[in-house]
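Results of the structural survey
Chain by chain, the residues:
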Amino acid sequence: MEKKLSHIDASGNATMVDVSKKEASVRTAMATGTVLFPEAVFKSLTDQDFIGKKGSIVQTAVIAGIQGVKKTAELIPLCHQINLSKINIEIVAGKNQFLISCTVKCNEKTGVEMEALTGVSVAALTIYDMCKALSQDIVIENIQLEQKTGGKHDFQR
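Before going into details, it helps to say that this report is about the structure given with it. As the structure is a prediction and not an experimental result, all values here were calculated from the model. (Residues numbered from 1 in each chain as written. Predicted model: local features only at pLDDT ≥ 70, side-chain atom pairs only at ≥ 80, totals over all residues. Heavy atoms only, no water.)

1. Brief notes about the packing of helix α2 (residues 57-70) against helix α4 (residues 113-131)
Helices that pack against each other are described as a pair by the angle of their axes relative to one another and the distance between those axes. For clarity, the threshold we go by: Whenever a helix is involved, its axis is fitted only over the stretch in contact; in every case the axis is a line through C-alpha atoms, and angles between N-to-C directions fall within 0 to 180 degrees. Numbered from the N terminus, helices here are DSSP runs of H or I no shorter than four residues, and strands are runs of E no shorter than two. Crossing handedness follows the turn of the near helix against the far one: under a right angle anticlockwise gives a left-handed crossing, and clockwise gives a right-handed one. Contact definition: two residues touch when any of their heavy atoms are within 4.5 Å.
As a packed pair, α2 and α4 sit with axes 7 Å apart at the nearest point and diverge in direction by 145°. Pair α2 / α4 crosses with right-handed handedness. Across the interface between the two elements, Ile57, Thr60, Ala61, Ala64, Gly65, Gly68 and Val69 from α2 touch Glu115, Thr118, Gly119, Val122, Ala123, Thr126, Ile127, Met130 and Cys131 from α4.

Laid out in structure tokens, this is it:
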């Protein structure tokens, strides 16, 4: 099977994929990412139960990630607007880091990979925003798709 870019037409122009003839099916995607902190900064956050001047860092990031998922079609120009069935964002503290995962589910003609990746990205950016007063040496890394189901091909990292 020859692979080609699905958002570029024969003339090289950007185009939205036509999904009108596809069958709707249950589709899921899960993405992850990490926010790394200097050790002293993370200890300070831990000592404060991850509550900053702007409120709960984790809960604010979860809500922001959910909002990001819902706005993916507004942010990524060639994404379809889709009805979402479920969004779950988990943020877990690790060793000097937050581990973020976002799972998205729908029953549609196109998948939710971009939505899951957007959810992780917005949650990570929110954590950065809430913590940047303590350090600009915070690193967001490894945002990636872990799995997807539904559509032509399933994927598992």
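Having put the structure on the table, let's press on.
2. Observations regarding the sheet that holds strand β6 (residues 139-149)
Which entries qualify depends on this criterion: Strands pair, by our definition, only if DSSP identifies at least two bridges between them.
Strand order in the open sheet formed by five strands is β4-β5-β1-β6-β7, and the pairing between neighbours is antiparallel. Two strands bound the open sheet, and with one partner strand each, they are β4 (84-94) and β7 (155-156). Here strand β1 (residues 25-36) pairs with β6 via eight bridges, running antiparallel. In the strand pairing of β6, Ala31 is matched with Leu145. Packed onto the sheet, α2 meets β4 and β5 (97-108) and runs at close to 150° relative to β4. Helix-sheet contacts for α4 involve β1, β4, β5 and β6, and the interaxial angle to β5 is about 150°.

3. A word on the environment of Ile57
For clarity, the cut-off: Only protein chains enter the accessibility calculation, which uses a 1.4 Å probe; a residue whose area is less than 20% of its type maximum is buried, one above 50% is exposed, and one in between is partly exposed.
Secondary-structure assignment places Ile57 in helix α2. Given a relative accessible area of 1%, Ile57 falls into the buried group. C-alpha of Ile57 to C-alpha of Met130: the two residues are 73 residues apart in sequence and 6.5 Å apart in space. Aside from chain neighbours lying at most four places away, what touches Ile57 is Leu45, Phe50, Gly52, Phe98, Ile127, Met130 and Cys131.

4. Re the pattern of salt bridges
Selection rule: Within this document, salt bridges are pairs made up of a side-chain nitrogen of Lys or Arg and a carboxyl oxygen of Asp or Glu, the two lying within 4 Å of each other.
Tallying each qualifying case throughout the model produces three salt bridges. Of the charged contacts, one joins Glu74 and Lys71 as a salt bridge, the two residues approaching to 3.8 Å between their closest N and O atoms.

5. Considering the pairing of β1
Counted residue by residue, β1 has nine buried out of 12 residues, so it is predominantly covered. Here 12 bridges tie β1 to β5, and the two strands are oriented antiparallel to one another. Bridge pairing links Val26 to Asn107 in β5.

6. Digging into the environment of Thr34
Mapped onto the secondary structure, Thr34 falls in strand β1. In this structure Thr34 comes out as buried when scored by relative accessible area, which is 11%. The spacing of Thr34 and Pro77 is 43 residues in sequence and 25 Å in space, taken between C-alpha atoms. If we ignore the near neighbours within four places in the chain, the residues touching Thr34 are Gln97, Phe98, Leu99, Val139, Ile140 and Glu141.

7. A few points about the pairing of β6
In this structure, β6 lies alongside β7, joined through two bridges in antiparallel fashion. Residue pairing across strands places Gln147 opposite Gln156, the latter belonging to β7.

8. Focus on helix α1 (residues 39-47)
Our working rule: In this context, the arc is that of the directions from the helix axis out to the C-beta atoms.
Residues Val41, Phe42 and Leu45 constitute the buried set of α1. Seen from one end, α1 has its buried residues packed into an arc of 95°, which puts them on one side. Looking at α1, the residues exposed on the side facing more than 90 degrees away from the buried face are Glu39, Ala40, Lys43 and Asp47. The secondary structure elements touched by the buried residues of α1 are α2, β4, β5 and α4.

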